[in-house]
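The primary structure of each chain is shown beneath.
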Amino acid sequence: MAFTRRPRLLPICLLLCLAATVNALHFYLDTNEKRCFIEELPTDTVVEGHYKALEWSEKEQQYVVNPELGILVEVDEIESGHNVVRTRGPSDSRFTFTSHESGDHSICLSSNYGSSWFSSTHIRLYLDIVVGHTKADPEHDRSHVSELSSKLRDLNNKLEDIRREQQYQREREANFRDLSESTNTRAVWYSIAQIIVLVATCAWQLRHLKRFFEDRK
């Protein structure tokens with residue numbers, strides 16, 4: 001009896017699922033309103049975002065595409081305050097950036113199209129964010145490599161993203177452990193200082209009472 005070996009695709013699929021984080025959502029905003037999202041990123045991580053904005057049409061009573069609608073994208077490193085991205089694009093566009101430092105990044109989107117003091121534009125905004133995306137390498141693309149070699153290269157890049165994420169988590173755990181140890185040490189020394197002060201106070205009071213009773217005699 002002959003047995004057919006099934007391809008081991010499950011481990012590869014699991015690695016691909018872990019390698020990149022995809023956040024897809026949609027939300028509503030008005031003119032001059034800014035919506036921000038916080039994304040925690042390791043160092044040297046490539047993030048690609050795709051957004052599509054639709055404007056509410058009173059005439060058609062639905063959200064429609066407006067070619068004149070512009071979206072402003074701003075990305076800042078929260079801890080350092082460094083501005084990573086500030087770009088204005090059409091209603092349907094993409095943006096890409098690389099995190100230079102590990103930590104929280106603020107991704108904000110807004111539109112000031114058609115703003116006035118008495119009216120505002122209602123916008124439905126679709127946003128997809130892919131964390132851990134790998135940029136295309138033109139040098140490798142020009143070389144005629146096989147399809148298998150290309151997939152292996154992509155897999156190695158995704159594994160490298162996982163390694164950076166794990167290293168970042170280890171650094172955070174080490175910092176938290178150091179902070180906890182420092183706090184516990186301070187608490188112990190504070191308790192010892194309290195005990196010393198209490199013992200000294202009791203000794204002084206006993207000595208004072210002893211002298212008081214001796215004087216009374």
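Anything mentioned here points back to the structure above.
Residues numbered from 1 in each chain as written. Predicted model: local features only at pLDDT ≥ 70, side-chain atom pairs only at ≥ 80, totals over all residues. Heavy atoms only, no water.

### Considering the state of the cysteines
Note: disulfide means a covalent bond formed between the sulfur atoms of two cysteine side chains.
Here's step 1: This structure, assessed with the given rule, holds one disulfide.
Here's step 2: Each disulfide pairs two cysteine sulfurs, and for Cys 36 the partner residue is Cys 108, the sulfurs being separated by 2.0 Å. Judged by the sign of its S-S torsion, about 110°, the bond between Cys 36 and Cys 108 is right-handed. Of the two residues, Cys 36 is situated in strand β2 (residues 34-41) and Cys 108 in strand β8 (residues 103-110); the sequence distance between them amounts to 72 residues.
Here's step 3: On the basis of relative accessible area, Cys 108 is assigned to the buried category, the value being 6%. (Disulfide = S-S within 2.5 Å. Helix = DSSP H or I, 4+ residues; strand = E, 2+ residues; numbered from the N terminus. Buried < 20%, exposed > 50% of the residue type's maximum accessible area, 1.4 Å probe, protein only.)

### Describing the pairing of strand β5 (residues 71-77)
Here's step 1: Here β5 lies mainly inside the structure; six of its seven residues are buried.
Here's step 2: Judged from the six bridges that link them, β5 and strand β6 (residues 83-89) form a sheet pairing that is antiparallel. Looking across to β6, one finds that Asp 76 is bridged to Asn 83.
Here's step 3: Turn length for the β5-β6 hairpin, with the two strands adjacent in sequence and antiparallel, is five residues, and the turn residue Gly 81 shows positive phi of about 75°.
Here's step 4: Bridge analysis of β5 against β8 gives six bridges, and the strand direction is antiparallel. Among the inter-strand pairings, Val 73 is bridged to a residue of β8, identified as Leu 109. (Pairing = 2+ DSSP bridges.)

### A few points about the pattern of salt bridges
Here's step 1: Following the criterion strictly, the structure yields seven salt bridges and no others.
Here's step 2: The shortest N-O distance in the salt bridge between Glu 74 and Arg 86 comes to 2.2 Å. Taken as a pair, Glu 74 in strand β5 and Arg 86 in strand β6 lie far apart in primary sequence, 12 residues in all.
Here's step 3: Overall, the relative accessible area of 55% leaves Arg 86 in the exposed class.
Here's step 4: Here Glu 160 makes a salt bridge to Arg 163, at a shortest N to O gap of 2.5 Å. Placement of both Glu 160 and Arg 163 in helix α3 (residues 147-216) is noted, with a separation of three residues, approximately one turn of the helix.
Here's step 5: Exposure remark for Glu 160: the relative accessible area of 32% places this residue in the partly exposed category. (Salt bridge = Lys/Arg side-chain N within 4 Å of Asp/Glu carboxyl O.)

### Quick notes on the sheet that holds β6
Here's step 1: Taken in spatial order, the four strands line up as β2-β8-β5-β6 in an open sheet, and their pairing is antiparallel. Each edge of the open sheet is held by one strand with a lone partner, namely β2 and β6. For this sheet, the mean angle separating the axes of adjacent strands, direction not counted, is 15°.
Here's step 2: Sheet analysis places β2 next to β8, joined by eight bridges and oriented antiparallel. Looking across to β8, one finds that Ile 38 is bridged to Ser 106. (Axes fitted to C-alpha atoms, helices over the stretch in contact; angles between N-to-C directions.)

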